[in-house]
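# Coordinate inspection notes
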Amino acid sequence: MSNLIPVGTQQGQSPVAAASASPAASFTSFRVSQDFFTGEQAFTSSIGKFSDASSASKGAVVVYEAMMLTDQEETRTIEGVRWSVRYGAGIRLEITVKEAKSEMRFDAYAIALNASINNTQAEYEVKLIGLDAERLKGVSIPGIGEFNYDSYEKLITTVEAVRQYMVSDGAQLTPSLSHVRLGRAPGAVDLREAQSVIFGVQKLARGTTLLSALADAQEKQLNANVIRAVYQELAGSASEQQDPTKEARRRAESWLELAS
């Protein structure tokens, strides 16, 4: 998971969404990346297509993007809160998984395959940042739609076309506020999420199945999506009922040693 989270564009949810003034900085790097966010993180940051916090708690969002970035990171006060922000321009594909299944891999290709066989339901939205759609001659930017294998192929083709435009005509891009540091404003902390991470790693290190870990987490009112993400990161695509492998347990133990 990235330590930078995309800035959303929906109104009324994210305090950083409306602050998009560009700095006097030039682009210094280019990246194509794919990041996973729990539904709660996505909803708080206004990314993805969740109607409310309750539906977000069951889902997840994968963000696939091609971005030109500046080196400029700064701390800004936005609606009375200080945030660490970064500027860039490019195209972002947000894939909202309506119900996260622990046995799934959370990447665009895997979600597309699962959606095509009705193993999950997902939606997509394409966003342009610091880039004028009218300049993308011959490139059609699709609206919101159902995400499956057919739409996956078309969307990746669109991202690639925009990427080629950015590389060849970077002067037509405008650095805009595109990412904020993952988490809350400086001085604030989400203890429940931190507890959920540690709880998940401890359970994995002990060889507990994800199914049992989630049951115990529910009793303690911990974040189930965070624990799923921990198992996904350290144990891969094992099923909820499968015992963690020795390698997965070793990775969890190493994490705990570094964190202690």
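In the block above lies the structure referred to throughout.
The text that follows walks through the structure, step by step, so that each part is easy to find. (Residues numbered from 1 in each chain as written. Predicted model: local features only at pLDDT ≥ 70, side-chain atom pairs only at ≥ 80, totals over all residues. Heavy atoms only, no water.)

## What to know about the overall build of the protein chain
Scanning the protein chain from N- to C-terminus turns up eight helices and seven strands. Residues counted as buried form 46% of the 260 residues belonging to the protein chain. Of the roughly 12900 Å² that the protein chain leaves accessible, carbon and sulfur atoms contribute 46%. (Helix = DSSP H or I, 4+ residues; strand = E, 2+ residues; numbered from the N terminus. Buried < 20%, exposed > 50% of the residue type's maximum accessible area, 1.4 Å probe, protein only. Areas by Shrake-Rupley, 256 points an atom, 1.4 Å probe, with all protein chains shown as cover.)

## Here we look at the pairing of strand β5 (residues 122–129)
By the criterion of burial, β5 is predominantly enclosed, with six of the eight residues buried. Note that β5 and strand β6 (residues 145–146) share two bridges and pair antiparallel. Looking at the pairing, Glu-123 lines up with Glu-146 of β6. (Pairing = 2+ DSSP bridges.)

## Remarks on helix α3 (residues 108–116)
Listed as buried for α3 are Ala-108, Ala-110, Ile-111, Ala-112, Asn-114 and Ala-115. Near the N-terminus of α3, the side chain that reaches the backbone nitrogen of Tyr-109, with its oxygen 3.2 Å away, is that of Asp-107. (Polar contact = N/O pair within 3.5 Å; in protein donor to acceptor, adjacent residues only side chain to side chain.)

## Here's the deal with the environment of Ser-33
In this structure, Ser-33 sits in strand β2 (residues 27–38). A residue is classified by how much of its surface remains accessible, and Ser-33, at 13% relative accessible area, is buried. Spatially, the C-alpha atoms of Ser-33 and Val-63 are 8.0 Å apart, while their sequence positions differ by 30 residues. Excluding residues within four positions of it along the chain, Ser-33 makes contact with Val-63, Tyr-64 and Glu-65. (Contact = heavy atoms within 4.5 Å.)

## A short note on the environment of Lys-101
Relative to the assigned elements, Lys-101 resides in the loop between β4 (81–97) and α3. For the pair Lys-101 and Ala-60, spaced 41 residues apart in the sequence, the C-alpha separation amounts to 9.4 Å. Every residue in contact with Lys-101, bar those within four places of it in the chain, is listed here: Phe-106, Asn-119 and Thr-120.

## Observations regarding the side chain of Ser-151
With respect to the element layout, Ser-151 can be found in helix α4 (residues 149–168). A residue is classified by how much of its surface remains accessible, and Ser-151, at 10% relative accessible area, is buried. From its side chain, Ser-151 meets the backbone nitrogen of Asn-148 in a polar contact 2.8 Å long. Apart from the residues lying within four places of it in its own chain, the contact partners of Ser-151 are Tyr-124 and Glu-146.

## Regarding the packing of aromatic side chains
Two numbers describe a pair of aromatic rings. These are the distance of the centres and the angle of the planes. Taken as a whole and assessed by the stated rule, the structure comprises five aromatic pairs. Their ring planes at 75° and their centres at 6.1 Å tell us that Tyr-109 and Tyr-149 sit as a pair that is edge-to-face. Of this pair, Tyr-109 sits in helix α3 while Tyr-149 sits in helix α4, and the two are 40 residues apart along the sequence. A residue is classified by how much of its surface remains accessible, and Tyr-109, at 38% relative accessible area, is partly exposed. One aromatic cluster in this structure is built from Tyr-109, Phe-147, Tyr-149 and Tyr-152. (Phe/Tyr/Trp six-rings, centres within 6.5 Å; stacked < 30°, edge-to-face > 60°.)

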